[in-house]
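Structural overview for review
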Amino acid sequence: MPATRLSPVITSTAQWLIRSFPAHGGALSAALCEIQARQAVTVAARLRYPTAMDAELVGLAGPGGSGALDRITGADDHEGEPWRTWVDEVVASWAACLLSDAGLAARAVAALGGGAGEYRRLLAPDATDVRAAALLRHPDLLTPITHLHRTSLLSRLDPHEGLAA
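Residues numbered from 1 in each chain as written. Predicted model: local features only at pLDDT ≥ 70, side-chain atom pairs only at ≥ 80, totals over all residues. Heavy atoms only, no water.

Moving on: the nonpolar core. In summary, soluble globular proteins display a tendency toward joint burial of nonpolar side chains. Ranked by size, the top nonpolar core spans 42 residues in total, and within it W16, L17, V43, L98, L122, L136 and L153 carry the most contacts. For this core, the secondary-structure elements that each account for two or more residues are α1 (7-20), α2 (27-48), α3 (52-61), α5 (89-100), α6 (102-112) and α9 (139-157). Looking at this core, the element that brings in the most residues is α5, giving nine residues. (Core = buried A, V, L, I, M, F, W, Y, C linked by side-chain atoms within 4.5 Å. Buried < 20%, exposed > 50% of the residue type's maximum accessible area, 1.4 Å probe, protein only. Helix = DSSP H or I, 4+ residues; strand = E, 2+ residues; numbered from the N terminus.)

Take a look at the structure:
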């Protein structure tokens, strides 16, 4: 499933992540942080909406917006920013999980059949990437977001895991 059908969700959700957990240190850091957020959100969105029909349905119904996420992070009221209506809470939570857990990110990319090169900055960030996205990848800071939908991500990656109990 090409990510292009999900472009509004990917773009808006990545934007929400980088505004909520901004880069430190200038234009290069901001660009590297954005790339990492986009890669994580792209993987999460493709997992969340795996078929063309799923992507079409979210395009028609909309993903729900950033309201609950904004309340969790303590963001100010942003009603005047229409792009926030395209933020997907589940995709943001899953992306946060991927950014804060390298093993989970590798499992997610493998589940998509994607190559490590396509998502290099997500899977194998170098020291510059890590510094640029220190807040975006900080597990403690992301905890309120990752806990929202981590269980559903784990279920998506291994649907039989829950059946073993």
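Structure's up, so let's keep going.
Inspection of every chain in the model, using the stated rule, returns eight salt bridges. Here R19 makes a salt bridge to E81, at a shortest N to O gap of 3.0 Å. Here R19, found in helix α1, pairs with E81, found in the loop between α4 (67-73) and α5; they are 62 residues apart in sequence, far enough to count as distant. Taking relative accessible area as the criterion, E81 reaches 21% and is therefore assigned partly exposed. Between R84 and E81 there is a salt bridge, with its nearest N and O atoms 2.6 Å apart. Salt bridges linked by common partners bring R19, D70, E81 and R84 together as one network. (Salt bridge = Lys/Arg side-chain N within 4 Å of Asp/Glu carboxyl O.)

So, about α6. Listed in full, the buried residues belonging to α6 are L104, A105, A108 and V109. Seen from one end, α6 has its buried residues packed into an arc of 135 degrees, which puts them on one side. The secondary structure elements touched by the buried residues of α6 are α2, α5, α7 (120-123) and α9. Where α6 begins, one side-chain oxygen reaches toward the backbone nitrogen of G103, 3.1 Å away; that side chain belongs to D101. In the segment just after α6, G113 is the residue with positive phi, at about 80 degrees. (Arc of directions from axis to C-beta. Contact = heavy atoms within 4.5 Å. Polar contact = N/O pair within 3.5 Å; in protein donor to acceptor, adjacent residues only side chain to side chain.)

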